[in-house]
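Per-entry structural report
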2 protein chains.
Amino acid sequence: LDAGAAAAAAAAMDGKVKPLGSLGELERLAARVAGIQGTAAPHVGCPALVVCAADHGVAASGVSAYPQEVTGLMLQGFASGTAAVGVLARQAGARLVVADLGVLTPPQVAPGQNEVLDRRVRAGTASSLEGEAMTLAEAQAAVAHGIGLADLLVDGGADLVGLGEMGIGSTTTASALTAALLERDPARVTGPGTGVTGEAMAAKVAAVDAILRRHEGARGTWDVLARMGGLEVAALAGVVLGCAARRVPVLLDGFITTTAALVASRLAPASVDSMIAGHLSPEPGHAVLLDVLGLDPLLRLGMRLGEGSGAALAIPVVRSAVALLAEMGSFADLGLAEERPTA
Amino acid sequence: LDAGAAAAAAAAMDGKVKPLGSLGELERLAARVAGIQGTAAPHVGCPALVVCAADHGVAASGVSAYPQEVTGLMLQGFASGTAAVGVLARQAGARLVVADLGVLTPPQVAPGQNEVLDRRVRAGTASSLEGEAMTLAEAQAAVAHGIGLADLLVDGGADLVGLGEMGIGSTTTASALTAALLERDPARVTGPGTGVTGEAMAAKVAAVDAILRRHEGARGTWDVLARMGGLEVAALAGVVLGCAARRVPVLLDGFITTTAALVASRLAPASVDSMIAGHLSPEPGHAVLLDVLGLDPLLRLGMRLGEGSGAALAIPVVRSAVALLAEMGSFADLGLAEERPTA
């Protein structure tokens, strides 16, 4: 974080024609973007959303309300523009980039539809209940794909990157990663995901617990990531690392993308400085992760869809904060340097 | 509220390709806009922000961190487009309409600047500490101007109207109105406003208390409104009434506009059905009002600026909710009527 740029932006915000601090979170947000971008004149002119998708072997064990085939079907919806994130990306004026890191059934993209980038590492992970979800080399390949996606976006002009994901079974994987990396009780960081309840919810907690016991010999972030998955989590961690290296703010979505942010923070602690939390999911592990990362979410709309929906909705908030810094008049403009509250 | 339209929208939302309820507040919001507009296909194609400004006689008693002249100066900023609400209206793609209900020093609007509509009832209210802020006829004229502004906007195509205000001393007036209409302790509904602290804050609470004692003989909503002011609060109550009559959703901003909404709800209880709370202000009276009105704010960004800043930031959220309903694919589209969670 460029503390000088952040301080200069904060001072400029204090000089705007308004009571001190009256723009609340937007003031801190504008200064944070300035610090990330390393300029007192931050900009959000070209926001992008990157959605990484992959399948999870653990989904075969009935931890989700949906079958694994839905991952591929949802990718079809991303391609056709009818999925929630497509609608929200258009609303936010954001470029939407979708990458397949390894879904079981790759989507059939028709001419004229949105491209789905082929970044397939393998056809879904193996079940972390039965063994390693992927090899270390595969985890590294997925992270490298994420870094490459960040470079692709930033080279294309992106100055704010929102994260999204798709993958049936992903909340089970994210709960296992969160419990393992933070040494938390699985029951505290496991939630309903797409909507499991009752006995199915108890079975999901038991599955997360079993994953932890199966891999209690795991040592270090890379080993935990490879053993538990998922391919899209690894890729999103790479996107965070790539954006951080390029000084581009990363807007987190829900529980899965924030798990990827935790992985990134373990691989490169300074990457936390580039993160902005878009939305708080009701998934219980999400608040735990944000607390550990020291991030306060901009929105709390009770969404638990993923796809990047929370990040997309937060884009106008970030853009507005930066626009206020750029476009509002100052007391100095009015020749009213002393027109400040004295109380 | 058209319960049939709201239910049809909710059913259509349930059929979208996503887990049931996974879009959280956005699902309830889309159904509410449907119920207000009286159609299962709600639309936010032409949002507007209306900012009403006026001066408050009580401001001469030192209840604000700023002198009264600032109201007129801020209107200049609304005209030139450099005020916060101007920036945020552009970001939201909203038409901005500013009306002068009675500022002490009317702004000098240069050619090419945004118009400030002349709806002046009188040059600021009298001090409610010393007598009636305005006459009943003046309060009625201000409410009528508000109804006329709503008609102007709706005739111009507006299908969502956000509220904003400007007036030094307005939080003192709003606290007095809230305490009087809800029979609450002034200390519980009085806050720092533009930034008063310490002894000045104690003096502000004492002023609100004195206003209440001065007018303890007030009877009924109109009498309380005329005695305590303000002109912009009366006009904004009229905007709410006018929008409700035209079935156009009204997006509330902070404490002042929500006080106007309370006044409207007392004059026409059904008008509450047309309200959407945009943002929760830290001003303590705001949460009290929203609770009484039964409204849950979309955003909590700690802003306490007014001007319509919170309403402007909420416009993309409302527009996104409606766009999801209109543009997302459904399970029926995919021939997957049974593809729902069974857990």
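Going by the structure above, here's the rest.
To keep things clear, this report deals only with the structure shown in the data block. (Residues numbered from 1 in each chain as written. Chains lettered and ligands numbered in written order. Predicted model: local features only at pLDDT ≥ 70, side-chain atom pairs only at ≥ 80, totals over all residues. Heavy atoms only, no water.)

1. Quick look at the overall build of chain A
Summing up its helical and strand segments, chain A has twelve helices and six strands in all. Relative to a compact globule of 343 residues, whose C-alpha radius of gyration would be 20 Å, chain A shows 20 Å and is just as compact. Its C-alpha atoms put chain A at 70 × 45 × 35 Å along the principal axes. Out of the 343 residues belonging to chain A, those deemed buried represent 62%. Summarising the internal contacts of chain A: among those between residues at least 6 apart in sequence, 75% fall at separations of at least 24. As presented, chain A carries roughly 11300 Å² of accessible surface, and 52% of it is formed by carbon and sulfur atoms. (Helix = DSSP H or I, 4+ residues; strand = E, 2+ residues; numbered from the N terminus. Rg over C-alpha atoms; globule rule 2.2 N^0.38 Å. Buried < 20%, exposed > 50% of the residue type's maximum accessible area, 1.4 Å probe, protein only. Contact = heavy atoms within 4.5 Å. Areas by Shrake-Rupley, 256 points an atom, 1.4 Å probe, with all protein chains shown as cover.)

2. Some points on the interface of chain B and chain A
In this assembly, 52 residues from chain B lie in contact with 52 residues from chain A. For the pair chain B and chain A, the interface holds two salt bridges. Sorting the residues of the side of chain B that touches chain A by element identifies α2 (25-37), α3 (69-80), α4 (84-92) and α12 (309-327) of chain B as the ones contributing at least two each. Broken down by element, the residue count for the side of chain B that touches chain A peaks at eight residues, all from α12 of chain B. Of the residues contributing to the side of chain B that touches chain A, the split by class is 32 nonpolar, twelve polar and eight charged. (Salt bridge = Lys/Arg side-chain N within 4 Å of Asp/Glu carboxyl O. Nonpolar A, V, L, I, M, F, W, Y, C, P; charged D, E, K, R; others polar.)

3. Re the sheet that holds strand β5 (residues 250-252) of chain B
All names here are of chain B. On the basis of which strands lie adjacent, the open sheet formed by six strands has the order β3-β2-β1-β4-β5-β6 and parallel pairing. Two strands in the sheet have a free side with no partner beyond their single neighbour: β3 (116-118) and β6 (275-277). Strand-to-strand twist in this sheet, taken as the mean axis angle between neighbours without regard to direction, amounts to 30°. Pairing analysis gives three bridges linking strand β2 (residues 95-102) to β3, with the strands arranged parallel. Each residue of the ladder has a partner; that of A99, found in β3, is L117. Across the sheet, helix α10 (residues 255-267) touches β4 (160-166), β5 and β6, and the angle it forms with β4 is around 115°. (Pairing = 2+ DSSP bridges. Axes fitted to C-alpha atoms, helices over the stretch in contact; angles between N-to-C directions.)

4. As for the pattern of salt bridges
All names here are of chain A. Tallying each qualifying case throughout the model produces 20 salt bridges over all chains. Here R28 ties to E25 by a salt bridge, and the two come within 2.9 Å at their closest N and O atoms. Of this pair, R28 and E25 both sit in helix α2 (residues 25-37), three residues apart, roughly one helical turn. Looking at E25, the relative accessible area reads 22%, which means it is partly exposed. Several salt bridges share partner residues, and in doing so they unite D151, D155 and R246 into one network.

5. Brief notes about the relation of the copies chain B and chain A
When chain B is fitted to chain A, the best match, at an RMSD of 0.0 Å, comes from turning it 180° and sliding it 0.0 Å along the axis. The superposition operator between the copies reduces to a two-fold rotation axis. Identified as the residue of chain B closest to the rotation axis by C-alpha distance is L299 of chain B, at 3.3 Å. (Least-squares fit on C-alpha atoms with pLDDT ≥ 70 in both.)

Any link to function would need more than the numbers given here.
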